[in-house]
Amino acid sequence: MPHHRLRDLAAKYGPIMHLKLGEVSNIVVTSPEIAYEVMKTHDANFANRPECLFAKLFAYNATDIEFSPCGEYWRQLRKICTMELLSSKRVQSFRSIREDEMSKMVKTICESEGSIVNLSEMVTLTTYGIMGRVAIGKRSTNQKVLISTIEEAILLSGELWVTDMFPSTRMIQLMRNTYALPDKSLLFHLQEMIAGGGETTSSVVVWAMAEMMKKHEVMEQAQAEIRKVYASKGYVDESELHQLTYLKAVIKETLRLHPPVPLLMPRESRESCKINEYEIPAKSKVMINVWAIGRDSKYWTDAESFKPERFLNTSYDFRGTDFQFIPFGSGRRICPGIAFATPNMELPLAQLLYHFDWKLPKEMKIEELDMTESIGMSIKKRDDLCLIPIICMS
Ligand code: HEM
């Protein structure tokens, strides 16, 4: 887990470190103050993404929005994304798709009442169902194959690629050229939207449920709020989500402890600059350990505990201005999918908590509920969350 080891190193060497991996200088940031310097004060300078072989192979020669360098081409893509594909109006237009997929999920869970349900699989299939219908107009007919392919790619994205650490090696240059792919970037944009949106949001839903299983009083409070808000309607839809203040705090707390992209996506400096009295050379790769910042007791009371109420009377938000809490990044490369992600996290949680009470499988104790993370550029709970649903009659 690079973000765990980097936190240990930061505890010894400080919140800004220089780590040389092969030929490449990496700057590792582990404090909100220095994250602010990188993504606010020097935002333009650090808006590039470093070249990497993964992006060449999986992102059609880095022609996608996530990996493309910060130039005119990226600006165009970003504009299409923020003004067209992921705008609030567009996200709103997908409401019936989300509600439809979620009620199918609730129906399937109802059919398994009293027996063990693989909630991780259920939530992931539903989220990908939404992403598929939004991106290509229908659910993939081979949903499970699609998901396992994306999961394999995400696993690879978290690996240290020797080729990226020794970019000058001739053999590697040759390999890169061999792999230069034709422009299929449109295909990749769709794939990117399905993978980026599917993995991250379903990961948050599963972590939130796992944390609430460990802290039942939190689950009960969230259920009480949802059941009260939807009492007169008798079912959950998106129209009242804005009233679910406590559920929103649960989601924020989950993003603080389990940010799906723990080191953000790497940035690269265009020119040399000074940060915290240190000279940062041009073309340094920068990693920002938001996972460690979110668990730092210097900024959070009782930092390792799951306490959604810490977000109730604060104005802390994840839109990139509070640097203690930046699970979506910040600055010009901030995630453009926040508006899209929000109902995709709120609606399934509201559904799962409104319709069901949840129990651990009989022989399992709370302490045995494993919270180990998977490996990759984006991370999720490694072991599937398997629980028993009990239909709530009230
Ligand atoms: C909980 C959900 C999500 C989280 C935590 C998340 C997190 C992130 C992070 C940390 C970055 C890099 C930001 C930076 O470098 O400062 C990013 C970039 C991006 N995300 Fe998300 N994301 C989520 C959901 C989504 C969704 C639903 C979509 C689209 C449907 C999406 C599309 C993108 C794109 C296109 C980029 C690249 C932006 C660029 O490089 O200009 N994300 N995301």
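Note: the structure precedes this text.
Computed from a prediction, not measured in an experiment: that's the story for all the values here.

Caption draft 1: Spatial organisation of the packing of helix α12 (residues 216–229) against helix α15 (residues 338–355). Running from N to C, α12 and α15 cross one another at 90°; their axes reach a closest spacing of 9 Å. The angle between α12 and α15 falls in the class roughly perpendicular. Between α12 and α15, the contacting residues are Ala222, Gln223, Ile226 and Arg227 on the first element and Ala350, Leu353 and Tyr354 on the second. Its residues assigned to classes, the contact of α12 with α15 shows 5 nonpolar, 1 polar and 1 charged.

Caption draft 2: Examining the site of the ligand more closely. What surrounds the ligand is a group of 26 residues, the closest being Gly197, Thr200, Gly329, Cys335 and Gly337. Those elements giving two or more residues to the shell around the ligand turn out to be α4 (72–85), α11 (185–214) and α15. Looking at the shell around the ligand, the element that brings in the most residues is α11, giving 6 residues. Taken together, the residues that form the shell around the ligand break down as 16 nonpolar, 7 polar and 3 charged.

Caption draft 3: Just α15, in detail. In this model α15 runs 26 Å from its N-terminal to its C-terminal C-alpha over 18 residues, within 8% of the 26 Å that 1.5 Å per residue would give. The buried count for α15 comes to 15 of 18 residues, which makes it a mostly enclosed element.

Caption draft 4: Fine view of helix α7 (residues 119–136). Helix length check: α7, at 18 residues, gives a terminal C-alpha distance of 25 Å against a target of 26 Å (1.5 Å per residue), a fit within 8%. Extensive coverage of α7 is indicated by the burial of 14 of its 18 residues. The first or second residue beyond α7 is glycine 137, which carries a positive phi of 90°.

Caption draft 5: Examining the sheet that holds strand β3 (residues 117–118) more closely. The strand order across the open sheet formed by 3 strands is β3-β9-β8, and the pairing between neighbours is antiparallel. The open sheet has two edge strands, β3 and β8 (356–359), and neither has a second partner. Inspection of the sheet shows β8 paired to strand β9 (residues 386–391) by 4 bridges, in the antiparallel sense. Looking at the pairing, tryptophan 358 lines up with proline 389 of β9.

Caption draft 6: Highlighting the pairing of strand β2 (residues 24–29). In this structure, strand β1 (residues 16–21) lies alongside β2, joined through 6 bridges in antiparallel fashion. Looking at the pairing, histidine 18 lines up with isoleucine 27 of β2. Connecting the antiparallel pair β1 and β2 is a turn made up of 2 residues, with glycine 22 showing a positive phi of about 65°. Relative to strand β7 (residues 285–288), β2 runs parallel, the two being bridged by 4 bridges. Looking at β7, one finds that valine 28 is bridged to methionine 287.

Reading the values: rules and limits
Residues numbered from 1 in each chain as written. Predicted model: local features only at pLDDT ≥ 70, side-chain atom pairs only at ≥ 80, totals over all residues. Axes fitted to C-alpha atoms, helices over the stretch in contact; angles between N-to-C directions. Helix = DSSP H or I, 4+ residues; strand = E, 2+ residues; numbered from the N terminus. Parallel < 35°, antiparallel > 145°, perpendicular 65-115°, else oblique. Contact = placed C-beta atoms within 7 Å. Nonpolar A, V, L, I, M, F, W, Y, C, P; charged D, E, K, R; others polar. Near = placed C-beta within 6 Å. Expected span 1.5 Å × (residues − 1). Buried ≥ 20, exposed ≤ 12 C-beta atoms within 10 Å, placed from the backbone. Pairing = 2+ DSSP bridges.

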